[in-house]
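Residues per chain, in single letters:
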Amino acid sequence: MNIIIRQARPEDAEKAAPLIINAIGDIANHMTAQQEPEAVLKKIEEMVRGEHTRHSYRSTYTAASNGDIAGILVLYHGKQAEDLDRYLIEQLKKQGHERTIEPEAHADEWYIDTVSVDPKYQGQGIGSKLFDFAEKLVAAQGGGKLSLNVDVDKESAIRLYKRLGYSISEPWTIIGEPFHHMVKMIPKSD
């Protein structure tokens, strides 16, 4: 299978949004201030189309197979998180919703917010290709820490991330739920 990974475009929102929601679960409800699945979906689509949130097409990469989006990666630097979240908080406030959005990474590390593969493409190595792509992007930017958060109950995901070279660095809390913060050092590319 030929997989092409590229920067997302605003028109990818309808395909990318369900994959983001699949990966982040209840965090999507919190970030959109919505509870109805269709309303959450529409808000995440707006975020992907926009330029100023962590799930913007500017921070999203798609893995395409025969023109179909098979998976996505959302990656940004931790030092961008405060600005990205401030914009979203301000938008929610204008709509009458008071929200705090907790940082999910330290300011000195790159952060994999989301890796998600469409169920019909799972088991074909697309997730691994997205992780490899993230590492290459970080290496090309001078290397450094690459981090992610994983629910403490997702033992198979924790094992996978450990196999990929990530190690648990500290506990983390997102919307009141416990996560492991995992980090991998990425060397600068030659």
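Report follows, based on the coordinates.

A closer look at the overall build of the chain
Turning to step 1, where the next piece is worked out: Helix and strand counts for the chain come out as six helices and seven strands.
Turning to step 2, where the next piece is worked out: Reading the helices (α) and strands (β) of the chain from amino to carboxyl end gives β-α-α-α-β-β-α-β-α-β-α-β-β.
Turning to step 3, where the next piece is worked out: Projected onto its principal axes, the C-alpha coordinates of the chain cover approximately 45 × 40 × 30 Å.
Turning to step 4, where the next piece is worked out: Looking at the chain as a whole, 47% of its 190 residues qualify as buried.
Turning to step 5, where the next piece is worked out: Excluding contacts between residues fewer than 6 apart, the proportion of contacts in the chain whose partners are at least 24 apart in sequence is 68%.

Let's talk about a negative patch on the surface
Turning to step 1, where the next piece is worked out: On the surface, Asp 26, Asp 153, Glu 155 and Glu 177 cluster together into a patch of negative charge.
Turning to step 2, where the next piece is worked out: Along the chain, Asp 26 falls in helix H2 (residues 26-32).

Observations regarding the packing of helix H1 (residues 13-24) against helix H3 (residues 37-49)
Turning to step 1, where the next piece is worked out: Remark: H1 packs on H3, axes separated minimally by 8 Å, with the N-to-C direction vectors making an angle of 115°. When you trace H1 past H3, the crossing you get is right-handed. Here Ala 13, Glu 14, Ala 16, Ala 17, Pro 18, Ile 20 and Ile 21 of H1 lie close against H3, whose contacting residues are Val 40, Leu 41, Ile 44, Glu 45, Val 48 and Arg 49.
Turning to step 2, where the next piece is worked out: In the contact of H1 with H3, the residues fall into ten nonpolar, no polar and three charged.

Focus on the pairing of strand E4 (residues 109-117)
Turning to step 1, where the next piece is worked out: For E4, the tally of buried residues reaches eight of nine residues, placing the bulk of the element in the interior.
Turning to step 2, where the next piece is worked out: Pairing of strand E3 (residues 68-77) with E4, which is carried by seven bridges, proceeds in the antiparallel orientation. Paired with His 77 across the two strands is Trp 110, which belongs to E4.
Turning to step 3, where the next piece is worked out: Strand direction decides the pairing type here: E4 and strand E5 (residues 144-151), joined by three bridges, are parallel. Paired with Tyr 111 across the bridge in E5 is Ser 147.

Brief notes about the pattern of salt bridges
Turning to step 1, where the next piece is worked out: According to the stated counting rule, one finds 15 salt bridges in the structure shown.
Turning to step 2, where the next piece is worked out: Note that Arg 54 and Glu 104 form a salt bridge whose closest N and O atoms lie 2.7 Å from each other. One end of the pair, Arg 54, is in the loop between H3 and strand E2 (60-65); the other, Glu 104, is in the loop between helix H4 (78-94) and E4, with 50 residues separating them in the sequence.
Turning to step 3, where the next piece is worked out: Relative accessible area serves as the criterion here: at 1%, Arg 54 is assigned to the buried category.
Turning to step 4, where the next piece is worked out: Of the charged contacts, one joins Asp 83 and Arg 86 as a salt bridge, the two residues approaching to 2.7 Å between their closest N and O atoms.

Observations regarding the nonpolar core
Turning to step 1, where the next piece is worked out: Ile 20, Ile 27, Ile 44, Val 48, Ile 72, Tyr 76 and Leu 88 are the most contacted members of the largest nonpolar core, which totals 31 residues.
Turning to step 2, where the next piece is worked out: Examining the composition of this core, we find that six residues originate from one element, H1, more than from any other.

Reading guide: rules and limits
Residues numbered from 1 in each chain as written. Predicted model: local features only at pLDDT ≥ 70, side-chain atom pairs only at ≥ 80, totals over all residues. Heavy atoms only, no water. Helix = DSSP H or I, 4+ residues; strand = E, 2+ residues; numbered from the N terminus. Buried < 20%, exposed > 50% of the residue type's maximum accessible area, 1.4 Å probe, protein only. Contact = heavy atoms within 4.5 Å. Patch = residues over 30% accessible without salt bridge, like charges linked within 9 Å, V, L, I, M, F, W, Y side chains within 5 Å. Areas by Shrake-Rupley, 256 points an atom, 1.4 Å probe, with all protein chains shown as cover. Salt bridge = Lys/Arg side-chain N within 4 Å of Asp/Glu carboxyl O. Lys, Arg positive; Asp, Glu negative; His and termini not counted. Charge placed at Lys NZ, Arg CZ, Asp CG, Glu CD. Axes fitted to C-alpha atoms, helices over the stretch in contact; angles between N-to-C directions. Left-handed = near helix turned anticlockwise from the far one by under 90°. Nonpolar A, V, L, I, M, F, W, Y, C, P; charged D, E, K, R; others polar. Pairing = 2+ DSSP bridges. Core = buried A, V, L, I, M, F, W, Y, C linked by side-chain atoms within 4.5 Å.

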